[in-house]
Structure formats: structure tokens, C-alpha cells
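Structure at a glance
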Amino acid sequence: MLLAYPFRVHVPRRALPEAAVSTGVALLVLAGAADLVSTSVVIALAGGAGATLAGVRLSRLAIRHPTGPASPTGSSGRAAGVRLDAAVVTAGLAAAVLPLVADGHRVAALLGSLVVAVLSVAGLRRLPGRWRPPSDVRLRALVEAAGPALGLALAAWLLLPDDDLPVPARLAAALVLGALGMASISAFTGSDRRSPAAVCRGGLLLVLLGLAVLAALPPGVTGRAALLAVPPLVLGMLLTALGAAVAVDTAEAEPTADRVAPAWPRAVLPATVLLLAAGLHVGAGRAPDRTSVLLALAAVPPLVLRELLRTGDAAVPERRAAHRRRTGRGVRHRRAAASRWARTQPPSADQAPDGGAPTGRSGAPSGLDAAWPSEDAAAWSSEDAAAWSSEDAAAWSSDDGAAWSSGDGAAPPRAGRAATPGGGGPGDRAGLLDALAAIGDVPAPAGALLLVDLHGGDVLGPSARDDLAAEAVARARAAVAPGDLVTGCTGSGFAVVTAAGPVLAYALGTRLLTALAPPYLLGGSAVRVQASIGLAEVSGAGPADVLRQAELARRRAVQLGRDRVEWYDAFLEEQLVRRLDLERELPGAVARGELDLVYQPVLDLADRQPVGAEALLRWRSPVLGTVLPAELLPVAEDLDLIGELEWWVLDRACRQLSHWSTGVRELWMAVNVTPRELTTPDFVQRAAAVLAAYGVSPERLVVEVSEPRIAADLSTVVARLAGLRSLGVRTALDDFRAEHASLAQLRRLPIDLLKVGPELVGARPDGQPPLIDVVVNVGERLGVEIVAEELESPAQVEGAHRAGCRYGQGFALARPATAERVEAYFEEFPSASR
């Protein structure tokens, strides 16, 4: 909802019915609380209204997704819609009969609850996007929820009337209410809380919770307490319809990849409810009984077990940190890198008299690449990025200067002499932190830190790199204001501390880029360098925090292409935390059974018959949610896990293909491999072994490799693709770009299929014919069949078919789905072999 102006809210047209029902139900509850309308009538009208709207939505969902060849999720979406529709209608009927059966409302509510529970389970099992976590994850979640659930059960025990229900029935009702309440909280706060299936599941749990409250009401269904059943009942119905509709319409389109689920709602909400219930219980003059004490004691063991498990989890990063300390990571790791640099530098004319490191004109070591060997940089980038906390930065300033000077007599790294207000002197990280602290000590701190990194000088010799650094600092000194500080902080760059505000500091960053851009005349030749600048504000944060923030922004500038200024914001840290979470959880994901495959059918555009499927990797992390390949694969490559993941995909895909081979269809399966794995010497032999292990004909396997990534080792890629074709395996070039270099390169590649994106299918802005016509003509001359992928509209499908593409793939034809749903989709076609 968008706030148009005060006291007027703009509601999207699609949500108007829900808004109207919600407003009407709220007014009914207020009327019932004011004794203007009978409580039973309020419950009946509210339940009927919610069930009617949710039933209409779910009925349209079933009609919109009939069984047929449109999508492999069609039959399952229709079945889920029908069953969930029946569930909410049953709940509405159970509420609507209350005025008619005032004394038998418990029987109606109990029967309604049982029917709703059965229909809900049946509907959720057919709902697209549903994922069942491993058994150990489910057991852990059960332990986590047991204590708070018992707390909610205790609250229900204290609130239920003690003069109407016998003790066993009252205890059973309290336990059911506690379990349903905690399950609802977990559904809306778990790691998959943003997935449509979780919203639908949470809505059904709320419906059951509302029916359970009705079943626990005393005869007559009177009193304001009965109105507590209305909000979960109606809200649950609406959320059920909403979650089911989104789950079916976007099956596998945008899998959610949440970070760690927030723990506070599952702890705070049950505790708050229990405190309120205890306060009401004591305020009414009622003393605790034996059952309430037993329920309170029963909650203790699960809570103790939960804390023990969390203590074990907390010990893991501590052990990793201890391992890093034992192996020299962290601050000592950087000291060792500095000492190794000092010991490995060759003598030069600028050698210090005491045998220290060469300092050149600027007193600087010869670049970051010399000061930090590549293996140290790799270790830092993968583990120590997050570990570089404020303490580390402070430790660098206080300890590492001594390590530089006392280790081998080498001077600390400096990119140049500092231009300080009132004079000059050598700059280092300690001086930089002092300057930031001086700005931060004023009553209203304002200022900024700019970290400048230079790229392109690593090809120069030590002396030339020193000259380059000195010239860069001289240019920066000419660009900054008289009161600004220019000081060295890295081997390949420098820092600027300015008292200007953030806008002026950003303008200073752009001036620095302009000043550093012209070529540098070194040794009779012109050298061009690129600059990456990270900017962080000095606004009350500690010096080490400002330095860390500027370093994160500088890294972002490098990632985005260099020659740019990047401003620090909290999103940078979120990205870093997300990246570190991925790096922490990914190792062992295969062994823990967290990987999954979904399959997207590929259709013949002439008759819309399926000819094959592409296996798509999904990481179903219980901590991070569903992670897609675009986020997963770069991390796997950095951790050197890409081979393990891709061979797992090939093995599972061939196993599934052998299962599909038992029928009459001869469908093919496409799997993606990276050039890095494809170019390994034994790739062809290992692929042949996997095919033989499952008895799959080689011609039914298609190996895809991405075209933009093969140029670095094209000759080896050609050899491996030729080896695969000699086995009978078909090969495909994915992500093809219709560029001159790509078209020329195409003639060298031994491929059978060429996959192009929708950008080549549509008309070009200049009015020229679509590029797909050129690609199809080239494919026909080379004997290569064209697959148009990522087709998301009927117009794109028709355009690809009209252009001559033989095969098509995309949401407009068939969505990715699990093996069972895709197999059911294939069964709808009398013949699907190509």
C-alpha cells in the first residue's frame, strides 16, 4: 500500500476485495466487542466472508491451471487449488453453523478441524514450490520449537475456563493450541518465510488455530473472549489463498534465498503471550494448579537442549578462529606476509643501508603484489574479510608497525609521503587512524575518508612502481584542499582524509579519478592505470570502523569495473555477510543432502511436444533458503567446489534420465558445465563412466557450456567437446551472443545445439530485422539446431518459431519443476521422443 496523502491509502485494485473483507470483519469484531451484535453471529459472518473470498480465489486458481500440456505444474496446481478450496470452505461452514447449533458448536468445530487438517495436508503436498528439509533439520526445528510451544500451551491452560472442560480435555486443548500457535509463528518466521508455500502453510495453521479456539469455547459461544477466534480464522483463509496463488503462478520462478531466520519472534512472542496470560490469571485471583506447574517444568528440558545445541553451534566459529590463529591468520598472518616481502626483495640501488626493503623515492615497497603474495591474498579474501574487525585494524596500527621495523629492518608500506596540514611526513595506517580520530572527536563530526587503489602497475619493475606511486600521490596532493591529508595505507594506493561533507567528498573523489587518469611517463614509456575509490563518512563512527567501511566500498568499486567512486552503505555489509554465509554453509552441502535438481522441459516449437529437459541446480539450505546457481556457482568456484557440484549434477541427471528411459520416450537431458571443469584432462572418461553406470545412451545426454567463458582456453574446449561427440554425447553452446567474434568462433566449435536468449528474438531498436535470423542462417549452414531459451511470452515463442528455431524453452512453454511433476507432464503426451 502507498500513502497518497494523509488519511488516504491507495490500495491496488487486485487487493480491493481483501481490503473490503478485512475492513468489514474488523467492524464486525468491534460491534461484537461493544455487544451490538451477538458473538456467534460475528463469528459466523466473519468466517463466511473470509471463506467466500478465499474460496473464489482458489476456485479461479484451479480453473486457471487445468490439466494439460501447458505446464508441468498445471495438474498439481489444479489439484492443490481444489483441495485448499475445500479446506477453507469447510472452515467457513464450521464457523457459519455456530448460531444454529449453539450447544453443539464443539462437535462442529472439531469435525471441521479434522476435515480441514486432512484437506490441508493433501493440498500442501501438491502445491508447487514446497520443499521438505532433511530429517536432521526437521528434528532440530522441533527441538527449537518445543519449549516455546509448551509456553504457549501453559498460556492457553491459564486462559481456558476451568469450570467447563474436564482436566484431560482442557489439557489436550491447551497442548493443541500451543502447538498450532508455535507452528504458525515458525511458518511466518522460518528461513523460508518469504516463499509462497510457507505463506499458504502458515495461513492454514491460523485457520486450524481459529477452529481450535472455537472448539474450546464454553457452550453458548458468548462473551468477548470468543472473538479471539476471528482474526486467525479470517486472516488464515486470506493468506491461504494468497500463498497458493503465488506458489502456482511463480513455481520455481523466483525461489527465495533468505538469510538466517530471525530467532527473536519465536522467543519473544510466546514469552509475551505467557506473561499476559499469567498476569490475567493472577489478576483474577486464581492460584497456580498442579497442571500449570507441570507444564512449566516440561518446558525446561527442551529449552536446555536448545541452548546446548546453540552452544555447540557457537563453538564452531571459535574453533575456526583458533585454527586461523594457529596457522597465522588474522593480524599475525599480515605480519608474516610483510616479513616475507621484506626477505624476498632483490637488492637495488634504493636498498636501505641496514639491509631493509627497497624504499625508492617515496619510501614505499614496490606495490601491493610484492607486499602481499598471491597465496596470502587468496587466504585473506576467503576467510579473513569478515574477521578484519575494529580490533584487527587497531592491532595493525599498534603492532604491525613494530613488526615491519623489527622483523627485518624494513619500513612500513607507504604509497608516498603524506601531505599533512602544516608540513610533510611519512604516512602510514597508524597516522591515518589518528587523523580519523581527530575528526571524530569534534562535537559534530563531519568529514570523509577516501581509499584510492591503483591498478595496472603490477607489470612494472620495483623502481618504476615506486615512481608511479610517487607521481600518483603528487597528483592527488594537487587535487585536494590545503587542509586535507594524503597518506599511504596500502602498497598500491593511498588514502585521503577530508573535513568536507559527503557531497563535496564525492566530488573530490571524481576529481581524483580525473587527476589520476592521464598516462604516467616512466622510463620513456607511457603507462596507464585505473583507480578504484571507496568513500566512507566520518560521522561519529570509530576510526577503525570508518577504515573498514571505506575498504568495503573500495572493493565494491573494483568489482564494478574500476575507474569509479563507490560510497559505503549498509548494503555492502549485507552482501559481505551473505557471501560469508554462503562460504560457510556450502562446504558439505552435498554430503548433507541439501542439493536438489529441478527440470525445465524443452519443446519442439513445431508441434509443442517435449523433446528433453534441462537439469537446473538448486541448493535447499536450511539456513539460507533456496539458493540459485547465479549466486551459488561463483562461490563454489572460489572455494574450489565447482567440480564436486557439477559431477553431482551429472550423476543425478543421468540417474533420472535412466529412470525416464524405462518408458517409451527417448528424451534427452541437458546439464551445464563450466569451462574450468570441462577442460580437465579426464572429463570425457568420467562422463563415459557415469553414462555406463546408469545404462544411459550417450546421445541422450547434452553437455552445455557457456559461450562467453570459453575464449580463455578455446583450443582445449574444442578438444573436449570433440571427445564428447566421439562418445555420442551431444554438445550445446549456451548464452550465445550474436557478435562478430562469436560468429567466427562458432565455426571452430563441434556442437549440435546453439542456445540463444530472447534478446536475439525481438526486433532491434534501429528497426533492423532480429538478430535471430542471422543466427538461424549460420546454424543451418553449420548443421547446428537452434534452441530459443528464456521465452516468457507467447509473442517471443511465436517469434522464435517464425525465425526458424527448432526448439524452445522458457516459462511461456513450461516452468521448471521437480522430477515427479515433469514426469507427470511428459505422460500427458502420447509420444515425446526426438
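Below: a short report on this structure. (Residues numbered from 1 in each chain as written. Predicted model: local features only at pLDDT ≥ 70, side-chain atom pairs only at ≥ 80, totals over all residues. Heavy atoms only, no water.)

1. Focus: the side chain of Lys 755
Convention followed: Runs of E in the DSSP output that reach at least two residues are strands. Runs of H or I that reach at least four are helices, and both are numbered from the N terminus. Nitrogen and oxygen atoms within 3.5 Å of one another constitute a polar contact, given that in protein one can donate a hydrogen and the other can accept it, and given that sequence-neighbouring residues count only through two side-chain atoms.
Along the chain, Lys 755 turns up in strand S18 (residues 753–756). At 3.1 Å, the side chain of Lys 755 forms a polar contact with the side chain of Glu 614. At a separation of 2.8 Å, a polar atom in the side chain of Lys 755 contacts the side chain of Glu 704.

2. As for the environment of Arg 266
Defined as follows: Residue burial is assigned from relative accessible area. The probe radius is 1.4 Å, only protein chains are included, and a residue is buried under 20% of its type maximum, exposed over 50%, and partly exposed in between.
Position of Arg 266 among the secondary structure elements: in helix H9 (residues 264–283). Exposure remark for Arg 266: the relative accessible area of 25% places this residue in the partly exposed category. Residues Arg 266 and Ala 149 lie 117 residues apart in sequence; the distance between their C-alpha atoms is 9.4 Å.

3. Observations regarding empty space enclosed by the protein
Stated formally: Note on definitions: the grid is 1 Å and covers protein atoms alone; a cavity is a set of points where a 1.4 Å probe fits but cannot get out; a pocket is an open set with protein on both sides within 12 Å along at least five of seven lines; lining residues have an atom within 4 Å of a point. Grid points are joined across faces, edges and corners, and a volume is the space filled by probe spheres set on the points. Gly counts as polar in this scheme, as do all residues outside two lists: the nonpolar Ala, Val, Leu, Ile, Met, Phe, Trp, Tyr, Cys and Pro, and the charged Asp, Glu, Lys and Arg.
Counted under the stated rule, the structure contains one cavity of 30 Å³ or more. Put simply, the largest cavity is a space of about 40 Å³. Around the largest cavity sit Val 602, Glu 614, Trp 668, Ala 670, Val 702, Glu 704, Leu 753, Lys 755, Val 787 and Gln 809, which together line it. For the lining of the largest cavity, the secondary structure elements donating two or more residues are strand S15 (668–672), strand S16 (701–706) and S18. Its residues placed into classes, the lining of the largest cavity shows six nonpolar, one polar and three charged.

4. Considerations on helix H10 (residues 290–298)
Worth spelling out the cut-off: Directions drawn from the helix axis to the C-beta atoms are what define this arc.
Along H10, the residues classified as buried are Thr 291, Ser 292 and Leu 295. Seen end-on, H10 carries its buried residues on one side only, within an arc spanning 100°. Summarising the geometry of H10, the exposed residues directed more than 90 degrees from the buried face are Arg 290, Leu 294 and Leu 297.

5. As for the pairing of strand S17 (residues 730–736)
Inclusion rule: Strand pairing is assigned whenever DSSP detects at least two bridges linking the two strands. Crossovers are marked right-handed if the path from the first strand over the helix to the second runs clockwise, as seen with the strands pointing away from the viewer.
In terms of residue burial, S17 counts as a mostly covered element, since six of its seven residues are buried. Alignment of S16 against S17, held across five bridges, turns out to be parallel. For Ser 706, the partnering residue across the bridge sits in S17 and is Asp 734. Between the parallel elements S16 and S17, the chain passes through helix H25 (residues 714–727) in a crossover that is right-handed.

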